[in-house]
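Descriptive structure summary
Spelled out from the first residue to the last, the chains are:
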Amino acid sequence: MKRKMFVVVLLIVILLVTGCDKEGTQKNENKKKLSKEEISLSSDGYTKSIDTSNFDLKCFDNIKYHFDDNVFVSNDGTVCLVNYEKPFSLSKKNTLFIDEKLDGIVYGAIKNDNTYYFLTDKEMLKLDENYNFVAVTDLAEMNNFGFRGSEAIGGIKKTSFDKIFFSGGLFYILKDNSLYRFSYYNAYENFGENGDGYNPYLDKYKIDTGTINEEIIDYMHGNFSGDIIVTNNGYYRKTLTNSDEINKYNDVLEKYDFVKLEISNYKEKIRFISPNYIIFDNAIYRFVPVELR
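Residues numbered from 1 in each chain as written. Predicted model: local features only at pLDDT ≥ 70, side-chain atom pairs only at ≥ 80, totals over all residues. Heavy atoms only, no water.

1. Regarding unusual backbone geometry
Of note in the backbone geometry, Y131 takes a positive phi value of approximately 60° without being a glycine. Relative to the elements of secondary structure, Y131 occurs in the loop between β8 (124–127) and β9 (133–135). We note that R148 has phi near 55°; this positive angle belongs to a residue other than glycine. Here R148 lies in the loop between α3 (139–142) and α4 (152–157). A residue is classified by how much of its surface remains accessible, and R148, at 24% relative accessible area, is partly exposed. (Helix = DSSP H or I, 4+ residues; strand = E, 2+ residues; numbered from the N terminus. Buried < 20%, exposed > 50% of the residue type's maximum accessible area, 1.4 Å probe, protein only.)

Here it is in C-alpha cells:
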C-alpha cells in the first residue's frame with residue numbers, strides 16, 4: 001500500500017515539474033518571438049497593438065502636414081481623416097479620404113463641434129456634412145477654429161518663422177532650431193509690452209527642449225502623455241527624470257527632459273509617430289501610460 005502511494009505521489013511530482021517546465025519553455029519561446037522593434041516599442045510605452053484591418057494605411061503615405069493624430073495632408077494636397085476608435089459612416093473605415101485636395105500651405109486643422117476646420121495661407125475652410133470643402137467667411141464661425149480664429153491668417157502672415165506647427169489647439173513656431181508658443185492674435189494686433197510690438201521670440205515663449213542638440217523637424221504637444229520632438233536623428237519624448245526623488249521627498253521639484261526613444265533605431269520603418277500612436281507599414285501601436293500598463 002505504501003509502495004502504491006509512493007508511486008502515485010512520484011507521478012504527481014513528475015507531472016507538476018514537467019508542466020512547470022513546459023510553461024517556462026512556452027514563456028521563453030514567446031519572449032523569443034518578440035522582434036527587436038517590438039521590444040523597443042514596449043520600452044517606449046507603445047504597448048497596445050491596434051487591428052489595422054479597417055484602416056487604409058495609404059492615409060499615412062507622403063505626409064506633408066499632420067494635425068495631431070487625426071488629420072493628414074499628403075504632398076499632393078490629399079486630405080485623410082483618421083479615427084482610431086470608430087469608423088466613418090461614409091467610408092465604413094477608420095480612415096476617410098476627402099475627394100477635393102487642398103492647395104497652398106496648410107497652417108492648421110481642428111475638429112470643433114463635429115466639424116473639421118482647415119486654415120491655409122489663403123482662407124479658412126470647413127468640411128460640410130457630405131465631407132466637401134466649403135469656405136468659411138462668417139467671422140463668428142471662423143472663431144470656431146480657435147480663440148479669435150478670424151485673425152489667424154493675418155497674424156501668421158505678419159510673422160517670420162522657419163516652420164509652424166499646430167498641435168493640441170495651439171500654434172508653435174520654429175526659428176533657428178528653437179521652439180516657441182505662438183500667439184497669432186497678438187501678432188495680428190502687433191502690440192506688446194511697452195508698445196514695442198509683439199515679439200514671438202522672447203524667452204518667456206520659448207519651449208524648453210532640454211538637452212536636444214539636433215535639427216528639430218517636428219513637434220507635437222502631448223498633454224498627459226508627454227510632448228514629442230522629431231529630429232533628424234530620432235524621436236524624443238518629454239519625460240519626468242527624477243521620479244525616485246519625487247517619491248522619496250515632499251519638497252523636490254519635478255524635472256523633465258526630452259529622452260530619446262529606443263524606437264529611433266528603426267526610424268526608416270516608421271511612417272508616423274505622435275505622443276499617442278506610432279504607425280509602421282502594416283501595424284499601429286498605441287501609447288499606454290505607465291499607470292495603466
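2. Considering the state of the cysteines
All told, the structure shown has one disulfide when counted by the stated rule. There is a disulfide in this structure between C59 and C80, and the S-S distance comes to 2.1 Å. Disulfide C59-C80: torsion about the S-S bond near -115°, hence left-handed. Residue C59 is located in the loop between β1 (46–50) and β2 (63–67), and its partner C80 is located in strand β4 (residues 79–82); the two are separated by 21 residues in the primary sequence. Each member of the pair, C59 as well as C80, is classed as buried. (Disulfide = S-S within 2.5 Å.)

3. So, the pattern of salt bridges
According to the stated counting rule, one finds eight salt bridges in the structure shown. Note that R271 and D61 form a salt bridge whose closest N and O atoms lie 2.7 Å from each other. Of this pair, R271 sits in strand β17 (residues 270–273) while D61 sits in the loop between β1 and β2, placing them 210 residues apart in sequence. Under the relative-accessibility criterion, R271 is labelled partly exposed at 27%. The shortest N-O distance in the salt bridge between D76 and K101 comes to 3.1 Å. Separated by 25 residues along the polypeptide, D76 in the loop between β3 (71–74) and β4 and K101 in the loop between β5 (95–97) and β6 (106–112) bring together distant segments of the chain. Taking relative accessible area as the criterion, D76 reaches 45% and is therefore assigned partly exposed. (Salt bridge = Lys/Arg side-chain N within 4 Å of Asp/Glu carboxyl O.)

4. A word on the sheet that holds β5
Overall, antiparallel pairing links the four strands, which are arranged β2-β3-β4-β5 in an open sheet. The open sheet has two edge strands, β2 and β5, and neither has a second partner. The mean inter-strand angle of the sheet, taken between neighbouring strand axes irrespective of direction, is 20°. Across three bridges, the pairing between β3 and β4 is antiparallel. Note that in β4 the partner of F72 across the bridge is C80. (Pairing = 2+ DSSP bridges. Axes fitted to C-alpha atoms, helices over the stretch in contact; angles between N-to-C directions.)

5. Quick look at the side chain of T231
Mapped onto the secondary structure, T231 falls in strand β14 (residues 228–231). With relative accessibility at 0%, the residue T231 sits in the buried group. Excluding anything up to four places from it in sequence, T231 contacts I212, E214, E215, I216, I217, Y236 and K267. (Contact = heavy atoms within 4.5 Å.)

6. Side note on the confidence of the model for the protein chain
On average, residues of the protein chain carry a pLDDT of 89, and 87% of them reach 70 or more. Predicted confidence is poor over residues 6–10, with pLDDT under 50, and the contacts of this stretch with residues over four places away or in other chains come to zero contacts. Note on residues 25–31: pLDDT is under 50 here. Beyond four places in sequence and across chains, it has zero contacts. (pLDDT = per-residue confidence, 0-100.)

7. A closer look at the packing of aromatic side chains
As enumerated under the stated definition, the model contains 18 aromatic pairs in all. Residues F118 and F133 carry aromatic rings whose centres are separated by 5.3 Å and whose planes lie at 80° to one another, so their mutual orientation is edge-to-face. With F118 in strand β7 (residues 115–120) and F133 in strand β9, the pair connects residues that are 15 residues apart, well separated along the chain. Comparing F118 with F133 shows no difference in burial state: the two are buried. On the numbers, 4.9 Å between centres and 80° between planes, the contact of Y180 with Y201 is edge-to-face. One end of the pair, Y180, is in strand β12 (residues 178–182); the other, Y201, is in the loop between α5 (184–189) and β13 (216–220), with 21 residues separating them in the sequence. For Y201, a relative accessible area of 21% puts it in the partly exposed group. K238 extends its terminal NZ or CZ atom over the ring of Y256, reaching a point 5.6 Å from the ring centre. (Phe/Tyr/Trp six-rings, centres within 6.5 Å; stacked < 30°, edge-to-face > 60°. Lys NZ or Arg CZ within 6 Å of the ring centre and 35° of its normal.)

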